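Residues per chain, in single letters:
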Amino acid sequence: MRDILVHLFVPLHTNNHRAKVLHVDSLMFLAVLYMGFYLVTGWVRTEYPDVLGYATDIRVEQLVALVNAKRAEHSLGPLTLNSELSQAAAGKAQDMLAKNYWAHTSPDGKVPWDFILGAGYQYSVAGENLAKNFSDSNGVITAWMNSSSHRDNLLKPGYRDIGFAVVNGVLNGEETTLVVQMFGAPKAVAAVVQKPIVKVAQAEEPTVVTTSVPATGLVEIPKEASAIAVAETNNSPATSGYYAATREPLIDRSALTKNVTYILGGLIIAVLLLDAWIVRRRRIVRIAGHNLAHALFVLTILYLVSQIVPGVVL
Amino acid sequence: MTTRKWQYLHYIVLFSIVGVGATAFFQLAGNSPLQLLIGIVTTLSYIGWGIIHHALHGDLHMKVVVEYAVIGLVAIFFLITVMGS
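The following refers to the structure shown. (Residues numbered from 1 in each chain as written. Chains lettered and ligands numbered in written order. Predicted model: local features only at pLDDT ≥ 70, side-chain atom pairs only at ≥ 80, totals over all residues. Heavy atoms only, no water.)

Let us now look at the interface of chain A and chain B. A common measure of how large an interface is: the accessible area buried when the components associate. Contact with chain A, which involves 39 residues of that partner, is made by 39 residues of chain B. Buried area between chain A and chain B, both sides added, is near 3,600 Å², and the carbon and sulfur share of it is 76%. In this assembly, chain A and chain B are joined by one salt bridge. The partner of Glu67 of chain B in a salt bridge is Arg18 of chain A, with the nearest N and O atoms 2.8 Å apart. Taken together, the links from chain A to chain B amount to seven residue pairs in polar contact (both at pLDDT 80 or more). Elements represented by at least two residues in the side of chain A that touches chain B include exactly α2 (24-47), α6 (137-146), α10 (253-282) and α11 (291-307) of chain A. For the side of chain A that touches chain B, the leading source of residues is α11 of chain A, giving twelve residues. Partitioning the side of chain A that touches chain B into residue classes produces 23 nonpolar, twelve polar and four charged. (Contact = heavy atoms within 4.5 Å. Buried area = accessible area lost by both parts, 1.4 Å probe. Salt bridge = Lys/Arg side-chain N within 4 Å of Asp/Glu carboxyl O. Polar contact = N/O pair within 3.5 Å; in protein donor to acceptor, adjacent residues only side chain to side chain. Helix = DSSP H or I, 4+ residues; strand = E, 2+ residues; numbered from the N terminus. Nonpolar A, V, L, I, M, F, W, Y, C, P; charged D, E, K, R; others polar.)

Right under this line is the structure:
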């Protein structure tokens, strides 16, 4: 056993003076094994999501507090959670799960404004942000703030109200947590802060969706934004199932994958450094890559891996 | 230029590659496809650095090129699996 370990990790004449783990065939074997682990855990996640899935805990009250904290940092007024916008967001989330799509426009051409108007919110300016597969509320807001177009929506001075829907479901055959965020300013309020209505179509950047109300026959219903309390959404039957999404599988696949990556990457770095040290001490001359450069590179990749947060925004 | 100065220059280039790559990666947080692209570009730059470094050093062999490519492949696998999980 000891001989095998020495052969694997220490440069000797038996392994051509390079730790066997660092041989190309061994590294390829480890890479294939690692990808096999990824595929197998992916299959288990699909078949047994309660055993090996992704953990999530996203709540609307946290999202609203985080959005308003970001706005306060930029000297902007807070947004009020609006039950109609939340209802619109819930309708959008329901539609995405029912029709199996991940986009601002549904396959049958339904745009966010259809949901907003359908919920009874008469707006002069509105916007939508989407997110899926995040593990917590903070991750959602951070990702939106890191995307210039989503950030513009979060920090738009013209908005007064906000609506959220957070729900677990299956999208494209995969367990998913959807977050739909709708922004708006009612006609009466926005008329004060906005110039005459201009339609802004952003075909190049669909993540920012800002438009004006289309010329419909709907009657504007003036409302006092400040009068709409956060608790209103809590009590709304239309959005009660969309207020929080939690999921706690036996094993969190995301954390498991990261840990396995750290172990494998750490093993490669450790063997590279050990190999470099022994070769230098024994003054062995051989043809091989630079161990220190490899170690630095793999360490950088592991650091990048540690910064990856699960989730996608749109 | 002395050998030692060459070595310093090579390692400055290497640090620049990983530094620029990491910075771009952080700037694109939340945009996984672009982050992966940056990871791939950084990896290809690293492989290129290794080839040029060994060529200038006079010890470039196919075995060395393959070694850099395999290390790069492992790095890309790391990024793909964590982003996909």
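That was the structure; now back to the text.
Further remarks concern helix α2 (residues 32-57) of chain B. With 26 residues, α2 of chain B should cover 38 Å at 1.5 Å per step; its first-to-last C-alpha distance of 37 Å lies within 8% of that length. Turning to α2 of chain B, its buried residues are Ser32, Gln35, Gly39, Thr42, Thr43, Tyr46, Ile47, Trp49, Gly50, His53 and His54 of chain B. Turning to α2 of chain B, the residues buried within the fold contact α11 of chain A together with α1 (3-27) and α3 (62-84) of chain B. Of the residues one or two after α2 of chain B, Gly58 of chain B is the one with positive phi, at around 80°. (Expected span 1.5 Å × (residues − 1). Buried < 20%, exposed > 50% of the residue type's maximum accessible area, 1.4 Å probe, protein only.)

Our next topic: the side chain of Thr56 of chain A. All names here are of chain A. Along the chain, Thr56 turns up in strand β2 (residues 56-59). Of the residues examined, Thr56 reaches a relative accessible area of 4% and is grouped as buried. A polar contact is formed between the side chain of Thr56 and the backbone oxygen of Phe134, at a distance of 2.8 Å. With residues near it in sequence (within four places) discarded, Thr56 still touches Phe134, Ser135, Asn168, Thr177, Ala245, Thr246 and Arg247.

In this structure, Phe297 and Ile301 of chain A together with Tyr46, Trp49, Phe78 and Leu79 of chain B are the most contacted members of the largest nonpolar core, which totals 42 residues. Of all the secondary-structure elements, those providing two or more residues to this core are α2, α10 and α11 of chain A together with α1, α2 and α3 of chain B. Per-element accounting of this core gives the leading share, eleven residues, to α3 of chain B. In terms of nonpolar packing, the next biggest core, distinct from the first, is built from 28 residues, Leu76, Ala131, Ile162 and Val166 of chain A among them. (Core = buried A, V, L, I, M, F, W, Y, C linked by side-chain atoms within 4.5 Å.)

A separate point is the environment of Glu248 of chain A. If you trace the backbone, Glu248 of chain A turns up in the loop between β7 (244-247) and β8 (251-252). A C-alpha to C-alpha distance of 42 Å links Glu248 of chain A and Asp275 of chain A, two positions 27 residues apart in sequence.

Across all of its chains, the model carries seven salt bridges over all chains by this definition. A salt bridge links Lys20 of chain A to Asp25 of chain A; the shortest N-O distance between them is 3.3 Å. Judged by its relative accessible area of 22%, Lys20 of chain A falls in the partly exposed class. Notably, a salt bridge pairs Glu128 of chain A with Lys92 of chain A, separated by 3.0 Å at the nearest N-O pair. A residue pair is termed long-range when its members are at least 10 positions apart, and Glu128 of chain A in strand β4 (residues 123-132) and Lys92 of chain A in helix α4 (residues 83-99) qualify at 36 residues. Here Glu128 of chain A matches Lys92 of chain A in class, with each residue buried. Salt bridges here are not isolated pairs; linked through shared partners, they connect Arg18 and Asp275 of chain A together with Glu67 of chain B.

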